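Below, each chain spelled out in residue letters.
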Amino acid sequence: MGIKNKWFMSALMSFVVLAMVGCSSDNKADSGSAGGETIKFASDASYAPMEYMDTDTIKGFDIDFIKAVMDEAGIGYTVTNTGWDTMLTSVKQGTEYQAGLSSVSITDERKETYDYSIPYFESTNMIMVKEGSDIKSALDLKGKRVAVQAATTADELMSGIMGVDNAKLKRFDSNAVALMELNKGGADAVVADIAIVNEYIKNNPKEKLTGIIDKENFGSEYYGILYPKGSEWKAKLDPAIKKIIENGKYAEIYKTWFGKDPDTQTLLNAE
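Along each chain, residues carry numbers from 1 onward, in the same order as the chain's sequence is written. Given that the model is predicted, a residue must reach a pLDDT of at least 70 before its local features are reported, and side-chain atom pairs must reach 80 or more before they are shown or counted; all residues, however, enter totals for whole chains, interfaces and linings. Excluded from the side-chain calculations are hydrogens and water; all other atoms, namely the structure's heavy atoms, are used.

With that settled, consider the overall build of the chain. A run of DSSP states H or I qualifies as a helix once it reaches four residues; a run of E qualifies as a strand once it reaches two. Both are numbered from the N-terminal end. Looking only at helices and strands, one finds 10 helices and 16 strands in the chain. Only protein chains enter the accessibility calculation, which uses a 1.4 Å probe. A residue is then buried if its area is under 20% of the maximum for its type, exposed if over 50%, and partly exposed in between. Across the 271 residues in the chain, those meeting the buried criterion constitute 53%. Any two residues whose heavy atoms approach within 4.5 Å at even a single point are treated as in contact. Expressed as a percentage of contacts within the chain between residues at least 6 apart in sequence, the contacts between residues at least 24 apart total 76%. Here the Shrake-Rupley method, with its probe set to 1.4 Å, supplies the accessible areas, and only the displayed protein chains count as covering residues. For the chain, the accessible area works out to roughly 12,000 Å², and carbon and sulfur atoms hold 48% of it.

For the rest of this paragraph, the subject is the packing of aromatic side chains. Geometry of aromatic contacts follows a simple scheme: Phe, Tyr and Trp rings, the Trp one being its six-membered ring, pair when their centres are within 6.5 Å, and the pair is stacked under 30 degrees between planes, edge-to-face over 60, tilted otherwise. This structure, assessed with the given rule, holds 16 aromatic pairs. Plain terms: the ring middles of Phe 41 and Tyr 77 are 6.3 Å apart, the flat faces sit at 80° to each other, and that makes the pair edge-to-face. One end of the pair, Phe 41, is in strand E2 (residues 38-43); the other, Tyr 77, is in strand E6 (residues 76-81), and 36 residues separate them in sequence. For the pair formed by Phe 41 and Tyr 77, the shared burial category is buried. Measuring from centroid to centroid gives 5.7 Å for Phe 121 and Tyr 254, while their planes differ by 35°, and the two rings are tilted. With a gap of 133 residues between them, Phe 121 in strand E9 (residues 121-123) and Tyr 254 in helix H9 (residues 249-258) connect regions that are remote in the sequence. Here a set of aromatic residues connected by ring pairs shows up, and it is made of Phe 61, Phe 65, Tyr 120, Phe 121, Tyr 223, Tyr 250, Tyr 254 and Phe 258. Between the NZ or CZ atom of Lys 236 and the centre of the ring of Trp 233, over which it lies, the distance is 4.9 Å. Here, a charge over a ring means that NZ of Lys or CZ of Arg falls within 6 Å of the ring centre while also lying within 35 degrees of the ring normal.

In this section: the pairing of strand E13 (residues 189-193). Of all 5 residues that make up E13, 5 are buried, and the element is covered over most of its length. As paired elements, strand E10 (residues 125-130) and E13 share 4 bridges and run antiparallel to each other. Across the sheet, Met 128 pairs through a bridge with Val 190, a residue of E13. Strands pair, by our definition, only if DSSP identifies at least two bridges between them. Relative to E13, strand E11 (residues 146-149) is paired through 2 bridges, and the arrangement is parallel. By the bridge assignment for E13, Ala 147 is matched with Val 190.

When a carboxyl oxygen of Asp or Glu lies within 4 Å of a side-chain nitrogen of Lys or Arg, that pair is called a salt bridge. The full count for this structure, using the stated rule, is 16 salt bridges. Note that Lys 67 is salt-bridged to Asp 71, the shortest N-O span being 2.9 Å. Here the residue Lys 67 and the residue Asp 71 both occupy positions in helix H2 (residues 61-73), the gap between them amounting to 4 residues, near one helical turn. Look at Lys 67 and you get partly exposed, because its relative accessible area is 39%. Two residues, Glu 207 and Lys 130, come together in a salt bridge whose shortest N-O distance is 3.3 Å. Residue Glu 207 is located in the loop between helix H7 (194-203) and strand E14 (209-212), and its partner Lys 130 is located in strand E10; the two are separated by 77 residues in the primary sequence.

Glancing now at the sheet that holds strand E5 (residues 57-59). Taken together, the 3 strands give an open sheet; going across it, the order is E3-E4-E5, and neighbouring strands pair in antiparallel fashion. Two strands in the sheet have a free side with no partner beyond their single neighbour: strand E3 (46-47) and E5. Direction of pairing for strand E4 (residues 51-54) relative to E5: antiparallel, over a ladder of 3 bridges. Residue pairing for E5: Met 53 is matched across the bridge by Ile 58.

A separate point is the nonpolar core. Only buried residues count toward a nonpolar core, which is a set of Ala, Val, Leu, Ile, Met, Phe, Trp, Tyr and Cys residues joined through side-chain atoms within 4.5 Å. Among the nonpolar cores identified, the biggest contains 68 residues, and Phe 41, Phe 61, Phe 65, Ile 66 and Ile 225 are the most heavily contacted of them. Take this core: its biggest share by element is 7 residues, from H2. Apart from residues no more than four positions distant in its own chain, Ile 225 is found in contact with Phe 41, Phe 65, Ile 66, Ala 99, Gly 100, Leu 101, Asp 115, Tyr 116, Ser 117, Tyr 120 and Ile 241.

Inspection of the secondary structure assignment puts Ala 189 in strand E13. Sequence-wise, Ala 189 and Val 146 are 43 residues apart; in three dimensions their C-alpha atoms are separated by 5.0 Å. Apart from the residues lying within four places of it in its own chain, the contact partners of Ala 189 are Ile 127, Met 128, Val 129, Ile 135, Leu 141, Arg 145, Val 146, Ala 147 and Leu 182.

Have a look at this one:
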């Protein structure tokens, strides 16, 4: 996925600090459209390699993706690291920020509160454990200490398996902190998006970690840009998203970050 260990841990620690102190930084487009339109995206930059802080700049797949979309649409934009909860609240209000960009899975429950773009990324949740663990599937997590980021699909899935009020289901403000909870011995497993888990395992070989895919209990998910209900931006950006998927620009960005070609046909069919 292209992220080197030299600066990954630095970025990881930045995530933790940001989660604790609520700082924010902008990654701004160079120019707006001829009409002067600008859209402000809120994000939680703690999802390497999807979005993460590199010193005071947000980088990641989502950041390169949205640049291609906005270039295609000819619309100016900014992306600000607000944190997960602030992003959800502010996008719902639609005043300070008009959209959310942070590996947001499209779910029926969220659709009751938000509008989404067409899907732009296929994902699934993954279990991360120490090598030698007796955990082999999601159902093996019952009775274990499991770390997740609160208010994510991982939280929803594990609440269904373990019980929403289970004290052993440990919820954190960011995936970065959840991942570290396993390393320090405070959890038996972490559940998070596959791209995040794979990247963490790759960049921390000394921790002797392994990832488990459970297709039976963790199905495919699709990310979308998050909008307030009734937003005009969906109609403006959906054609640009579809265009970069069809013309090969999306695949170029995807391969840069993940080292392989995406299944763009499945993505387009997921609309």
